[in-house]
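Residues per chain, in single letters:
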Amino acid sequence: MELSKNYIPASAEDKWYQYWMDKQYFRSVPDERPPFTIVIPPPNVTGVLHMGHTLNETVQDILVRHARMSGFNACWVPGSDHASIATESKVVNMLKEEKGIEKSQLTRPEFLKYAYEWKEKYGGIIYHQIKKLGCSVDWDRVSFTMDDHYYQAVIRVFVDLYNKGLIYRGARMINWDPKAKTALSDEEVEYKEINGKLYHVKYAVVNAAGEATGEFITIATQRPETIMGDTAICVNPDDERYAHLKGHYAVVPLVNRKVPVIFDEYVDKEFGTGALKVTPAHDINDYNLGLKHNLEVVDTLNDDGTLSAAAIVFVGEDRFRARKKVIAALAEEGLLVKEQEYTTRLGYSQRNPDTVVEPRISTQWFVKMADMAQPALDAVVNGEVKIHPGDRFLATYKYWMENVKDWCISRQLWWGQQIPAWYDDAGQFVVAETHDDALKLYAEKFGKTATTLRQDEDCLDTWFSSWLWPMEVFNGISQPDNADINYYYPTSVLVTGQDIIFFWVARMIMAGLEYKHEKPFSDVYFTGMVRDKLGRKMSKQLGNSPDLLELIERFGADAVRFGIMISSPAGNDLLFDDTSCEQGRNFNNKMWNALKLVKMWKPGQNTGAPVPEFAVEWMENRLNEVHAEVEKLFKDFRLSEALKAIYSLIWDDFCSWYLEWIKPGFEQPIDAGVYEKTIGFFERLLQLLHPFMPFVSEELYHLLRERQPGDDLVIRQFVAPAATHQPILVEGALAKEVITSIRDARNKNQVKPKDTIALHIETRHQNAFQRIESILAKQLNARELTYTKEAIPGAVSLVVGKDKFYMVTDTEVDPAAQKESLLKDLVYQQGFLKSVDAKLANEKFVQNAKPEAVEAERRKKADCEARIQAIEESLKLL
RNA sequence: GGGAGCUUAGCUCAGCUGGUUCAGAGCAUCUGCCUUACAAGCAGAGGGUCGACGGUUCGAAUCCGCCAGCUCCCA
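Because the structure is predicted, anything quoted here is derived from the model rather than measured. (Residues numbered from 1 in each chain as written. Chains lettered and ligands numbered in written order. Predicted model: local features only at pLDDT ≥ 70, side-chain atom pairs only at ≥ 80, totals over all residues. Heavy atoms only, no water.)

## With respect to the overall build of chain A
The helix and strand inventory of chain A stands at 27 helices and 31 strands. Its C-alpha radius of gyration of 37 Å places chain A more than 25% over the 29 Å reference for a compact globule of 878 residues. For chain A, the spread of C-alpha atoms along the principal axes amounts to about 120 × 65 × 55 Å. Sorting the 878 residues of chain A into buried and exposed places 53% on the buried side. (Helix = DSSP H or I, 4+ residues; strand = E, 2+ residues; numbered from the N terminus. Rg over C-alpha atoms; globule rule 2.2 N^0.38 Å. Buried < 20%, exposed > 50% of the residue type's maximum accessible area, 1.4 Å probe, protein only.)

Shown next as structure tokens:
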């Protein structure tokens, strides 16, 4: 068969993915094997996979494929989540821009129809990308957080937690997104540092009777537009400047409301003017002060961020425009004392990053977290769930769990599970899974029949559905104790980004413990953030995130997987650069060419040429050694190191050394036994590589020789590596070292590659060289290789280890260059010897150090002295 | 303000339980090669007082303290 010059990924990739699917290799059903389960962290349906996903999916595929090849029943469940707020805002925008429809014109079912269409379209794009990347997911198990059974599960959990008293409804200070017009959880708010201003505003003081005292009290605020909601001025009780104002009032500018001056330790005397305006409706701290001092709450904002009627002035103006107008009005009245530059942190909506979140009092649904947090914290602290890399994230996890606040789960959105609470006209409610249940429950609870019950308009936070993911993808909530959940749960590993440790990981552990009384997964592997090569976050605004499909087209999926894995230790950010994909592509090519070489050989019996037994034995041992190492690295989740080890084994050991050692002469046959062994090595190498680079390895596996049906690499089971025979590895290392040193000498003496040399070895360990003689001769282009007991005049002499080598060349050599390199080595060795001697002369070292360490130093000394002697003798000859 | 992590070759990073298998890898650089698998390649080479200072130890890139710079999380 004619093999192309270079490896061409595209056709091989599509072919093999289809083949694997046709053979149902990714399909998993419970059987007698142990399960290895991964549930995909659902990418949301708002767009396409970015490089962060690519890293995530690649890591999961590596783990799953490795498990599938190691005797496990591997099951990787794909899916996506509905991303309530993100998707809804995209759909709303799309409707407005493409169809000119406002959400308010639509009924809930009409809107949901559009949302589902949108989900079909973008969910499909994501699945296509997952395929292109080679992910071995079980396509019969695709899950979506809004599937019917999933929807039911979420509702059931809500009702259950409500009945257990773990969900409650109440008015609390929450984070409000005025653009999406919905509540957010604390985790969905991102704080950014910005340059703001602190405005000093003076309020007139009046006495209890309401008479002006002629005095003013000056407060400092970042948010002058909220002063219409002020219901007190607060100062520190120890602040002498304001002590005399006890029992007095202040007049809120613009609206002339008389508010009390109150005293509380909360106020920092040093900050601003030491006087604080208190606006309980629009600041969490003010809200708490309000509760303590029984203050009135005046909510001056509408849900869209404009001023409400309660503000009296500038009603209907946007909050930021209103701020400017308030400042102008205050200045006009002479109440604005000064403006001061001020850095502060503002909360932005995670899903509407340009929108400043408004603290607001609102009636919402909450999950009580404290009781559920405790077992989830214990599970991680006692190691039941292991986090990788552990040291770094354990503290973060603990802190959040120990300080967890109640979780606001209601959203004023339509795209999501609608809250199963049912209200009568008076606002009394019951919580039930269905309308019928609600009617029955209502009758029981209130002793009367409800004429109409209206379901809560709001829907649930997406994370309130995705925390059930490891269970409900197996119908674990909707059909408890079914065969799948019993077999696959708890899952094996969760691979995800560290940014959602609270959103998801922590809450999944809580839900798993609550509903299965068992952890949802044994290990959590956090990947780092993918940044561009300048270290910047990848983002749409910067346009620095490469398009995955385009990358695959340019380099092939294997090369992209290689590129992203080669430099991404667990938990560390990685700077992604095309050149690492290039390295992956070159690696493909290297293996392709090795295949071409091997395919070119004609195996024969009794070829007459010496059989390179040493090379074969050495390669076998190297393979076993690295295989064992790779298994250990897998256990520790050090995947990029495992890939590096395999890469180097294939490129360096196999291609650069082994194949050269066994390569027959031009158009000469190769020994049939060696040929068979070599094919076997190649197969094992491809097998080791397969989890990382599935396509090229499967392709080469099939090109290497004819395969029986079902003999496919994707399911070929690993055989535990045999123990290594150390001496052969040592001899191999010696061979490499001698070859490299003499090649260097050839180079330095300008001996052309084609020119032959005669090599004479002066050693006391002749038997160590006998097995590698033919290799040395071949690799050094030596026409003659002999042993000698004395120096060879006129030869280039060099020292490797304790042995001396004489290289006789046909061309003139430059003794000065030789002398220089020998001298350089001599100086280094003498320095080294000195440091070893110093150690051995130190009595404390000899007494305290481990005997092995002392023994090692003695050996070093002896070796070093022998080497120095060899160098000195060589120098004398020059 | 609280916490965590990072700082090793020009760049990106490995270096687990302290001792030449400890100063490494890959890119990049330099030299020589179109050697019949591979120039997307082959054969070699150069390059770092392991952020600063102090301590523990016979011995520190490695353990401890402190400082500086960077990053992230939380308030």
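## Digging into the packing of helix α17 (residues 578-600) against helix α19 (residues 639-662)
Taken N-terminus to C-terminus, the directions of α17 and α19 make an angle of 35°; their axes are 11 Å apart at the nearest point. Remark: the crossing between α17 and α19 carries left-handed chirality. Here Q583, N586, F587, K590, M591, A594, L597 and V598 of α17 come into contact with α19, specifically with Y647, I650, W651, C655 and L659. Its residues placed into classes, the contact of α17 with α19 shows 10 nonpolar, 2 polar and 1 charged. (Axes fitted to C-alpha atoms, helices over the stretch in contact; angles between N-to-C directions. Left-handed = near helix turned anticlockwise from the far one by under 90°. Contact = heavy atoms within 4.5 Å. Nonpolar A, V, L, I, M, F, W, Y, C, P; charged D, E, K, R; others polar.)

## Some details on the packing of helix α8 (residues 370-381) against helix α14 (residues 501-515)
Running from amino to carboxyl end, α8 crosses α14 at an angle of 105°, the nearest separation of the two axes being 9 Å. Considering their axes alone, α8 and α14 lie roughly perpendicular with respect to each other. On α14, the residues that touch M372, A373, P375, A376, A379 and V380 of α8 are A506, I509, M510, L513 and E514. Looking at the contact of α8 with α14 residue by residue, the class counts come to 10 nonpolar, no polar and 1 charged. (Parallel < 35°, antiparallel > 145°, perpendicular 65-115°, else oblique.)

## Looking at the pairing of strand β22 (residues 491-497)
The buried count for β22 comes to 7 of 7 residues, which makes it a mostly enclosed element. Bridge analysis of β22 against strand β23 (residues 521-527) gives 6 bridges, and the strand direction is parallel. Paired with G497 across the strands is T527, a residue of β23. Following the backbone out of β22, through α14 and into the adjacent parallel β23, one traces a crossover that is right-handed. (Pairing = 2+ DSSP bridges. Right-handed = clockwise from strand over helix to strand, strands pointing away.)

## A few points about the confidence of the model for chain A
Per-residue confidence for chain A gives a mean pLDDT of 89, with 98% of residues at or over 70. Predicted complex metrics record ipTM = 0.93 and pTM = 0.91. (pLDDT = per-residue confidence, 0-100.)

## Looking at the sheet that holds strand β18 (residues 421-423)
Strand order in this open sheet of 3 strands is β19-β18-β20, and the pairing throughout is antiparallel. Strands at the two margins of the open sheet, each flanked by one partner only, are β19 (429-431) and β20 (454-455). Pairing of β18 with β20 involves 2 bridges; the strand directions are antiparallel. Following the sheet pairing, Y423 is matched in β20 by R454.

## A look at the sheet that holds strand β15 (residues 386-388)
Overall, parallel pairing links the 3 strands, which are arranged β15-β23-β22 in an open sheet. Edge positions in the sheet fall to β15 and β22, since each has one partner strand and no second. Between one strand axis and the next, the sheet turns through 20° on average, direction left out of account. With respect to the sheet, helix α2 (residues 51-68) is in contact with β22 and β23, its orientation differing from that of β22 by roughly 160°.

## Here we look at the protein's contact with RNA strand B
Looking at RNA strand B, there are 40 residues lining it, with R345, N572, N593, F832 and N842 nearest. Sugar plus phosphate, as a fraction of atoms of RNA strand B within 4 Å of the protein: 58%. In the environment of RNA strand B, a sugar or linking oxygen lies 3.1 Å from a nitrogen or oxygen atom belonging to the side chain of Q583. Taking N589, its side chain carries an N or O atom lying 2.8 Å from a base nitrogen of RNA strand B. Going through the elements one at a time, α9 (390-402), α17, α19, α22 (726-748) and α26 (843-848) are the ones with two or more residues in the surface near RNA strand B. For the surface near RNA strand B, the element with the highest residue contribution is α17, accounting for 10 residues. For the surface near RNA strand B, a count of residues per class yields 12 nonpolar, 12 polar and 16 charged. (Near = heavy atom within 4 Å. Polar contact = N/O pair within 3.5 Å; in protein donor to acceptor, adjacent residues only side chain to side chain.)

## Examining the domain arrangement of chain A
Along its sequence, chain A is carved into domain 1 (182-359) and domain 2 (751-877). Inter-centroid distance (C-alpha atoms) of domain 1 to domain 2 is 83 Å. (Domains from an automatic or database assignment.)

## Regarding the nonpolar core
In this structure, F464 and Y658 are the most contacted members of the largest nonpolar core, which totals 192 residues. A per-element tally of this core places α19 first, with 15 residues. (Core = buried A, V, L, I, M, F, W, Y, C linked by side-chain atoms within 4.5 Å.)

## Side note on the pattern of salt bridges
Taken as a whole and judged by the stated rule, the model has 53 salt bridges. One salt bridge in this structure joins K277 and D230, with 2.8 Å as the shortest N-O distance. One end of the pair, K277, is in strand β12 (residues 275-278); the other, D230, is in the loop between β8 (212-221) and β9 (232-235), with 47 residues separating them in the sequence. Under the relative-accessibility criterion, D230 is labelled buried at 0%. Residues participating in the shared-partner salt-bridge network are E676, E683, R705, R707, D711 and R716. (Salt bridge = Lys/Arg side-chain N within 4 Å of Asp/Glu carboxyl O.)

## A few points about the environment of A849
Here A849 lies in the loop between α26 and α27 (851-877). Along the chain, A849 and G196 lie 653 residues apart, while their C-alpha atoms are 62 Å from each other. Beyond its immediate chain neighbours, meaning those up to four positions away, A849 contacts K844 and V854.

## As for the side chain of N56
Counting through the fold element by element, N56 comes out in helix α2. Those residues in contact with N56, other than ones at most four positions away along the chain, are V495, T496, G497 and T527.

## Focus on helix α10 (residues 435-446)
Between its terminal C-alpha atoms α10 stretches 16 Å, which fits the 16 Å expected from 12 residues at 1.5 Å a residue. Phi turns positive one or two residues past the end of α10, at G447, with a value near 65°. (Expected span 1.5 Å × (residues − 1).)

## Let's talk about the pairing of strand β10 (residues 249-252)
Note: strand β7 (residues 189-206) against β10, 3 bridges, orientation antiparallel. Note on β10: the bridge partner recorded for V206 is Y249. Where β10 and strand β11 (residues 257-263) come together, 4 bridges link them in antiparallel fashion. Along β11, the bridge assignment pairs V251 with K258. The loop that links β10 with its antiparallel partner β11 comprises 4 residues; one of these, L254, has a positive phi angle of about 70°.

## Quick word on the packing of aromatic side chains
For any pair of aromatic rings, the description rests on two quantities: the centre-to-centre distance and the angle between the ring planes. Inspection of the entire model under this criterion finds 42 aromatic pairs. When the centroid spacing of 6.3 Å and the interplanar angle of 15° are considered together, the rings of F587 and W651 count as stacked. Here F587, found in helix α17, pairs with W651, found in helix α19; they are 64 residues apart in sequence, far enough to count as distant. A ring pair is formed by F654 and Y658, whose centres lie 5.7 Å apart and whose planes are at 20°; its orientation type is stacked. Of the two residues, F654 and Y658 are both situated in helix α19; the distance of 4 residues between them amounts to about one turn of the helix. Comparing F654 with Y658, the two get one shared label, buried. Put simply, the rings of F158, Y162, W365, W407, Y423, F429, F464 and W467 touch in pairs and so form one group of aromatic residues. Over the ring of W20 we find R65, and its NZ or CZ is 4.5 Å from the ring centre. In this structure, K246 packs its charged tip against the face of F263, placed 5.4 Å from the ring centre. (Phe/Tyr/Trp six-rings, centres within 6.5 Å; stacked < 30°, edge-to-face > 60°. Lys NZ or Arg CZ within 6 Å of the ring centre and 35° of its normal.)

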